[in-house]
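Remarks on the overall topology
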Number of protein chains: 2
Amino acid sequence: MPDHILKSHDSEHHRLQEEMLRMGEMAAAQLEAALDVVQRRDDKAAERIIANDEAIDALEHEVSHDVMKLALRGPLARDLREILSAIRIAADIERIGDYAANVAKRSLALNMSPPLPHVGGLHAIGTLAVKQLRDVLQAYRTNDVEAATRVRERDAEIDAAYTGLFRELLTYMMEDARAITPCTHLLFMAKNLERIGDHATNIAENVWYLVRGEETLPPRDKRDETSTTGAP
Amino acid sequence: MPDHILKSHDSEHHRLQEEMLRMGEMAAAQLEAALDVVQRRDDKAAERIIANDEAIDALEHEVSHDVMKLALRGPLARDLREILSAIRIAADIERIGDYAANVAKRSLALNMSPPLPHVGGLHAIGTLAVKQLRDVLQAYRTNDVEAATRVRERDAEIDAAYTGLFRELLTYMMEDARAITPCTHLLFMAKNLERIGDHATNIAENVWYLVRGEETLPPRDKRDETSTTGAP
């Protein structure tokens, strides 16, 4: 390929990656804001977060389009991987944004009941999730497979924290029937955060695929146990 | 373009669509099987459904690859839409498969407690979801925007059924603390089915996009209210 074409190709790849990372950062900021409004019980701010989610959705559509335009021009094997991973990562970020907005949305419902002591536990899971997201975006930025693999391994921590909170909430609900409605919202919020962890893991796996191709990923521990254990 | 290239292009598009529909049918069958094992409390069958989910995941990866290969050859505007919608629909089907497997997984947890009277309500939501999925796959097969629009509108029925069951379950949990653990699993199972409805809606929107491009979709009623209402 002539040099100037390669160069414009490279700069478009770069622009695309910047766009993806901007989208990722928006999702991370939404998530932090959502965790914050849960703590502060701030309905107005929650509404803003819910409204902001549309910007991420719109960006995901833009990115997919740009990616496809790029695809139609550069048929190299590495490109194919770049394109596919970009589309998948964009979709994961979009889902993370949805989950963050859902946390904000449920905080509105939560604020109709007196404060619960478990909000701190939720915040702790959320903080892990934000870190996972930021770390995996950084791994994507630098093509760092090792860092991506570490994110993937650390997902077990979120799962363990989620399982712990899940059990705590069930116990609490059994002790106080009035807490059942708000606790149910907290359960779903915790699940949203746990799912954000899964999407960060998906992104990590796409960084692996981007760099290593079809090479098999190393095995790792399994996840959220709450759907298979009967005991709370 | 020479005739024989156009022809091979067409037949590849056709093959791709067949692959997508096969994948969709697998997800529909998994969902039906999952609903069935919940009713029959059959752990062995649930395990099989969970294991089958990998086949859908693998197929989604294959489809994305095939789509990209196609993308690298046919840079027409309609192609671009076909490619993007195929990738998104494949991802939606893959998620539907995940949710079906999750319903099966949680049935294992459910079977550790005595049967609950609400399983019938869950089944009703699931039956709506199966119908939505089958209808939207058919709309995709025939490029039928009207049918896709109807699927999208009917999502409100699933949401209403979900909201109803959600409230029923909360009431039940308040009356009987021993039911809290199994009811929580049922809540999540119902949420999974409601999410399957959302993914069927996504597919419907992608059929619209495929046929009509960027033209704006008609407005419609909103969804699951359980995350914004404090009352059960």
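No experiment lies behind these values; they were computed from the predicted model shown.

What about the overall build of chain A?
The secondary structure content of chain A amounts to six helices and zero strands. Secondary structure of chain A in N-to-C order comes out as α-α-α-α-α-α. In chain A, buried positions account for 55% of the 232 residues. Pairs at least 24 apart in sequence give 85% of the contacts found in chain A among residues at least 6 apart.

Here we look at the pattern of salt bridges
Under the counting rule described, the total for this entry stands at 24 salt bridges over all chains. Across the salt bridge formed by B:Arg154 and B:Asp135, the nearest N and O atoms sit 2.7 Å from each other. Of this pair, B:Arg154 sits in helix 5 (residues 145-175) while B:Asp135 sits in helix 4 (residues 119-142), placing them 19 residues apart in sequence. The structure contains a network of salt bridges with shared partners spanning A:Glu25, A:Glu32 and A:Arg134.

Examining helix 6 (residues 180-212) of chain A
Think of an α-helix as 3.6 residues a turn; residues three or four steps apart then line up on the same face. All names here are of chain A. End to end, helix 6 covers 47 Å across 33 residues, agreeing with the expected 48 Å (1.5 Å per residue, within 8%). With 29 of 33 residues buried, helix 6 lies mostly within the body of the structure. Two residues or fewer past helix 6, Gly 213 is found with a positive phi of approximately 70°.

Details of helix 5 of chain B
Compared with an ideal rise of 1.5 Å per residue, which puts 31 residues at 45 Å, helix 5 of chain B spans 46 Å between its outermost C-alpha atoms and is within 8% of the ideal. The N-cap residue of helix 5 of chain B is B:Asp144: its side-chain oxygen and the backbone nitrogen of B:Glu146 are 3.1 Å apart.

Side note on the packing of aromatic side chains
For the coordinates displayed, the defined rule picks out five aromatic pairs over all chains. Ring centres 6.0 Å apart and planes at 40° place the aromatic pair A:Phe188 and B:Phe166 in the tilted group. Separated into two different chains, A:Phe188 in helix 6 and B:Phe166 in helix 5 make up a pair that spans both. Accessibility assignment for this pair places A:Phe188 and B:Phe166 in one class, buried. Among the aromatic residues, those joined into a cluster by ring pairs are A:Tyr162, A:Phe166, A:Phe188, B:Tyr162, B:Phe166 and B:Phe188. Over the ring of A:Tyr209 we find A:Arg88, and its NZ or CZ is 5.5 Å from the ring centre. The cationic tip of B:Arg212 hangs over the ring face of B:Trp208; the distance from NZ or CZ to the ring centre is 4.9 Å.

A word on the packing of helix 4 of chain B against helix 6 (residues 180-212) of chain B
The angle between the axes and the distance between the axes are what describe a pair of packed helices. Residue and element names in this part refer to chain B. Two elements in contact, helix 4 and helix 6, have axes separated by 9 Å at closest approach and are oriented at 15°. In terms of orientation, helix 4 and helix 6 fall into the roughly parallel class. The element helix 4 and its partner helix 6 pack so that their crossing is left-handed. Of helix 6, the residues touching helix 4 (which contributes Val 119, Leu 122, Ile 125, Gly 126, Ala 129, Gln 132, Leu 133, Val 136, Ala 139 and Tyr 140) are Leu 186, Met 189, Ala 190, Leu 193, Ile 196, Ala 200, Ile 203, Ala 204, Val 207 and Leu 210. Among the residues making up the contact of helix 4 with helix 6, the classes are represented as 18 nonpolar, two polar and no charged.

Here's the deal with unusual backbone geometry
At A:Asn143, a position not held by glycine, the phi torsion is positive, near 55°. Positionally, A:Asn143 belongs in the loop between helix 4 (119-142) and helix 5 (145-175).

Some remarks on the confidence of the model for chain A
Residue and element names in this part refer to chain A. For chain A, the average pLDDT comes to 83, and 87% of its residues sit at 70 or higher. The least confident element of chain A, judged by mean pLDDT, is helix 1 (residues 3-40) at 75; the most confident is helix 5 at 95. Scored below 50 in pLDDT, residues 1-6 shows one contact in the model against residues more than four places distant or in partner chains. Within the model, the stretch residues 228-232 combines pLDDT values under 50 with 16 contacts to residues more than four positions away or in other chains.

What counts and how
- Residues numbered from 1 in each chain as written.
- Chains lettered and ligands numbered in written order.
- Predicted model: local features only at pLDDT ≥ 70, side-chain atom pairs only at ≥ 80, totals over all residues.
- Heavy atoms only, no water.
- Helix = DSSP H or I, 4+ residues; strand = E, 2+ residues; numbered from the N terminus.
- Buried < 20%, exposed > 50% of the residue type's maximum accessible area, 1.4 Å probe, protein only.
- Contact = heavy atoms within 4.5 Å.
- Salt bridge = Lys/Arg side-chain N within 4 Å of Asp/Glu carboxyl O.
- Expected span 1.5 Å × (residues − 1).
- Polar contact = N/O pair within 3.5 Å; in protein donor to acceptor, adjacent residues only side chain to side chain.
- Phe/Tyr/Trp six-rings, centres within 6.5 Å; stacked < 30°, edge-to-face > 60°.
- Lys NZ or Arg CZ within 6 Å of the ring centre and 35° of its normal.
- Axes fitted to C-alpha atoms, helices over the stretch in contact; angles between N-to-C directions.
- Parallel < 35°, antiparallel > 145°, perpendicular 65-115°, else oblique.
- Left-handed = near helix turned anticlockwise from the far one by under 90°.
- Nonpolar A, V, L, I, M, F, W, Y, C, P; charged D, E, K, R; others polar.
- pLDDT = per-residue confidence, 0-100.

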